[in-house]
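Residue strings, one per chain:
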Amino acid sequence: MNAVPLKLLLVAGARPNFMKVAPIVEALRQRQKAGAQVSLKLVHTGQHYDALMSDAFFADLGIPQPDINLNVGSGSHAEQTARVMLHFEPVCLAERPDWVMVVGDVNSTLACALTAVKLHIAVAHVEAGLRSGDRGMPEEINRLCTDAVSDLLFTTDELADENLLRENIPPGRISRVGNTMIDTLYRNLARARALPLPEGVRPAEFAVLTLHRPRNVDSRDTLAGLMEAIVRISRRIRVLFPVHPRTRRNLEDFGLMAPLAANENLVLMPPLGYLAFLGLVCRAKMVLTDSGGIQEETTVLGIPCITMRENTERPITCTMGTNVLTGADPGRVESAASTVLGGAAPSGRVPHLWDGHAAERIADALLARGGWSPAHSTAEMLAG
Ligand code: UD1
């Protein structure tokens, strides 16, 4: 095992982070048991804080309680990012980790990467190199900036490697390991599939809808157009819709909620835990979404996915998987749904290394590097 003891802070902040850290915690714990000299502390920034957006995922995925919670909560992008940085810096100074590991592309990801690199702590980014080319999305800025300051970039596929190389990231920093979210999917699929479906709902006779991107839900016209398309689709197939807090608030504020709530074939639900949601997706006829991760999960499950965005940072889900992009145009959304309902669903393949073992590769790569020697130590920074 590694000779140099390694101290790691692993950061999670928002809902899509939790399924990415779960298998990494597990892989590191296994290696600790086998004698690897690694200490791990889990940091929750508190970006997502509702029981349904956070606690439910820790419970479902068996993630240990965070060692440190920064409790930053909601705010504008600047407020949220700044608050995470302000709260994370003293943690880094007190803990003096060799590595800070961040996952995904949320505000917490960027905030913790920036804080760490400025203290000359090595940064590892899991799910590096994804690019939509759309700088209007906050996540794209988070991805670009996090990758630019990371020392070790763990990627999910070769397109991500190519993006990083194009941005002049040294090849030695890039490590293609596969997809930790898919590790979590494989670990939990049998349990999720065994859950009962909602009353009256039969496998392959319903669609699942998720919608939360600011671009889709913060403008009344766009949200109203999308919901009109969904209502038309719901005349042909029952649609189950777990509603994100941002979307619920906007549907109410825009006066769009009442007609939806009255539609029996469009079932509005609170946000679901990981298992309950996966239990629906894996038995759905199709999924309509603007999420990132769900595009990957449906590709692995072979379920048709209609992504209501003009672009994706996960193009492999379109070229290899079951994903099609429609933007927010109601006509295109409806026509993509008609194609699936007409029996012409795209079939897909699972990308290389999305095999359930990505987190093990990450743990081994990190342990192989041991305690990293930055050009200037944190102690020097403090002294200086
Ligand atoms: C964040 C991520 C997005 C990810 C999404 C998954 C960024 C820039 N965006 O978006 O990439 O796809 O999480 O959900 O980091 N709220 C609650 N309870 C909570 C959390 C949020 O009610 O536990 C409400 C608040 O009104 C908040 C709003 O949701 O203002 C948005 O939350 P925020 O964390 O800012 O962004 P998300 O839209 O969730």
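Residues numbered from 1 in each chain as written. Predicted model: local features only at pLDDT ≥ 70, side-chain atom pairs only at ≥ 80, totals over all residues. Heavy atoms only, no water.

### Digging into the pairing of strand 11 (residues 286–289)
Burial of strand 11 is two-sided: the residues Met 286 and Leu 288 facing one way and the residues Val 287 and Thr 289 facing the other way are all buried. By the bridge criterion, three bridges tie strand 8 (residues 206–209) to strand 11 in an arrangement that is parallel. Note on strand 11: the bridge partner recorded for Val 208 is Val 287. Sheet topology note: the strand 11/strand 12 (residues 305–307) ladder contains three bridges and is parallel. The residue of strand 12 that forms the bridge with Val 287 is Cys 305. Handedness of the crossover joining strand 11 and strand 12 through helix 13 (residues 293–301) is recorded here as right-handed. (Buried < 20%, exposed > 50% of the residue type's maximum accessible area, 1.4 Å probe, protein only. Helix = DSSP H or I, 4+ residues; strand = E, 2+ residues; numbered from the N terminus. Pairing = 2+ DSSP bridges. Right-handed = clockwise from strand over helix to strand, strands pointing away.)

### Considerations on the domain arrangement of the protein chain
Considered domain by domain, the protein chain is made up of domain 1 (6–179 + 354–383) and domain 2 (195–341). If you average the C-alpha positions of domain 1 and of domain 2, the two centres end up 29 Å apart. On the domain 2 side, the residues contacting the 24 residues of domain 1 number 21 residues. Overall, the association of domain 1 and domain 2 removes approximately 1,900 Å² of surface from exposure, summing both partners, and the carbon and sulfur fraction of that is 61%. On inspection of domain 1 and its partner domain 2, the count reaches four salt bridges. Here Glu 313 and Arg 143 are joined by a salt bridge, their closest N and O atoms 3.4 Å apart. Across the contact surface, domain 1 and domain 2 share eight residue pairs in polar contact (both at pLDDT 80 or more). Looking at the side of domain 1 that touches domain 2, the elements with two or more residues in it are helix 1 (15–33), helix 2 (51–61), helix 5 (138–149) and helix 6 (158–166). Considering every element that reaches the side of domain 1 that touches domain 2, the biggest residue donor is helix 2, with six residues. (Domains from an automatic or database assignment. Contact = heavy atoms within 4.5 Å. Buried area = accessible area lost by both parts, 1.4 Å probe. Salt bridge = Lys/Arg side-chain N within 4 Å of Asp/Glu carboxyl O. Polar contact = N/O pair within 3.5 Å; in protein donor to acceptor, adjacent residues only side chain to side chain.)

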